[in-house]
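# Architecture at a glance
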Amino acid sequence: MDYNDVLTAARGKVGPVCKACAICNGRACGNRMPGPGCKGTGDTAPRNYDKWKEIRLNLDTLTEKAPVDMSTELFGKRLRYPILAGPVGLVQLHYSDAYSDLTYNDILVKACAAAGIVAMTGDGADDAVVPGACAAIKAAGGMGIPTIKPWGGETLRKKFRYVHDSGAFACAMDVDGAGLPFLKKLHTSAGMKSTEELAEIIRMAGLPFIVKGIMTVRGALKAKEAGAAAIVVSNHGGRVLDQCPATAEVLPEIVDAAGKDMKIIVDGGIRSGTDIFKALAVGADCVAIARPFVVSVYGGGAEGVQLYVDKLAAELEDTMEMCGAHNLSEITRDMVRLPR
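In short, a report on the structure. Just so it is clear, the structure is predicted and the values come from calculations on it, not from any experiment.

### Some remarks on the packing of aromatic side chains
- Across all of its chains, the model carries four aromatic pairs by this definition.
- Arranged with centres 5.2 Å apart and planes meeting at 85 degrees, the rings of Phe293 and Tyr308 form a pair that is edge-to-face. With respect to burial, Phe293 and Tyr308 carry one shared label: buried.
- In this structure an aromatic cluster arises from ring pairing among Tyr3, Phe293 and Tyr308.
- A cation over a ring is seen here: Lys53 above Tyr49, with NZ or CZ 4.2 Å from the ring centre.

Listed below in structure tokens is the structure:
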């Protein structure tokens, strides 16, 4: 099996909306939800993808020939590559019932750990999702990052008990999930969080805490004030607010404002090792990718995940070689050409 075989197999399993496209750019799924589309006009996922392509690479092969090291460290854990599998929830609703959130997370967490990277697991209305994800993380020796929705009070305390039992080395909250329709309907205490509320949540978590869903310098600084160890520059793939800027557009200013104080992760339209290089060159510490990992699991299970990671790693290694970087610390902003 190769990655093209994974895509072919996935097309028979992912349902009528996702097409398991060779290039996952958001155009085929548009604004169809349920499904992997966007809110409103559906323009944000394609914009995420397109804006990475507007960043160009600076070729430089006048450099010493040496092995390329793509490893990095995140909160004391060594990763083979600077890649996280992003959190996804309600896969049976948005893709198909070939997998549930529990079976999807179980495969993804183990396969990512085997590939030398880490999966962020999702959350949802089903009370079994977080315990199941945390059990998978525990079985993988704590190599996973549970991502909890912005619930309120007792719901959060209950979910954090599972997080603590998992042995996870970090946890996350997708604060932009406040814009998801199901969350608005289920809990009056769920949704937006003030800086003070977020600080209390971070204390409750008691682990290096990642705030996902930051799209402004102001938001990054508020996350820092609350005690976040990292942020994910993310617009939730366009699923919570229409007409957002792309993550590639806001990443430079957020890195410049907060990159010295916390880890910066970025997602949104990153689909290749070349895109990963661009994100690192702008100043991200690592990237998160979500939709293609869903397709990889549906099309090939654990083998599909490994094949996709291998593809990304080969592309990143080639780009680093051709731009003159032998390790991640040597990747600098002058290795890319930002749009004017």
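Still to come is the rest of the account.
### Digging into the side chain of Lys212
- Note that Lys212 resides in strand 8 (residues 209-214).
- Ignoring anything within four residues of it in the chain, the contact list for Lys212 reads Pro87, Met173, Asp174, Val175, Asp176, Val232, Ser234, His236 and Asp267.

### Some words on the packing of helix 4 (residues 101-115) against helix 5 (residues 129-139)
- Contact geometry for helix 4 and helix 5: axes closest at 9 Å, N-to-C directions at 20 degrees. If you check the angle between helix 4 and helix 5, you find them roughly parallel. Both helix 4 and helix 5 take part in a crossing whose hand is right-handed. Of the residues in helix 5, those touching helix 4 at Asp101, Leu102, Asn105, Asp106 and Val109 are Val129, Ala133, Ala136 and Ile137.

Rules and cut-offs
Residues numbered from 1 in each chain as written. Predicted model: local features only at pLDDT ≥ 70, side-chain atom pairs only at ≥ 80, totals over all residues. Heavy atoms only, no water. Phe/Tyr/Trp six-rings, centres within 6.5 Å; stacked < 30°, edge-to-face > 60°. Buried < 20%, exposed > 50% of the residue type's maximum accessible area, 1.4 Å probe, protein only. Lys NZ or Arg CZ within 6 Å of the ring centre and 35° of its normal. Helix = DSSP H or I, 4+ residues; strand = E, 2+ residues; numbered from the N terminus. Contact = heavy atoms within 4.5 Å. Axes fitted to C-alpha atoms, helices over the stretch in contact; angles between N-to-C directions. Parallel < 35°, antiparallel > 145°, perpendicular 65-115°, else oblique. Left-handed = near helix turned anticlockwise from the far one by under 90°.

Function-wise, these values are silent; they only describe arrangement.
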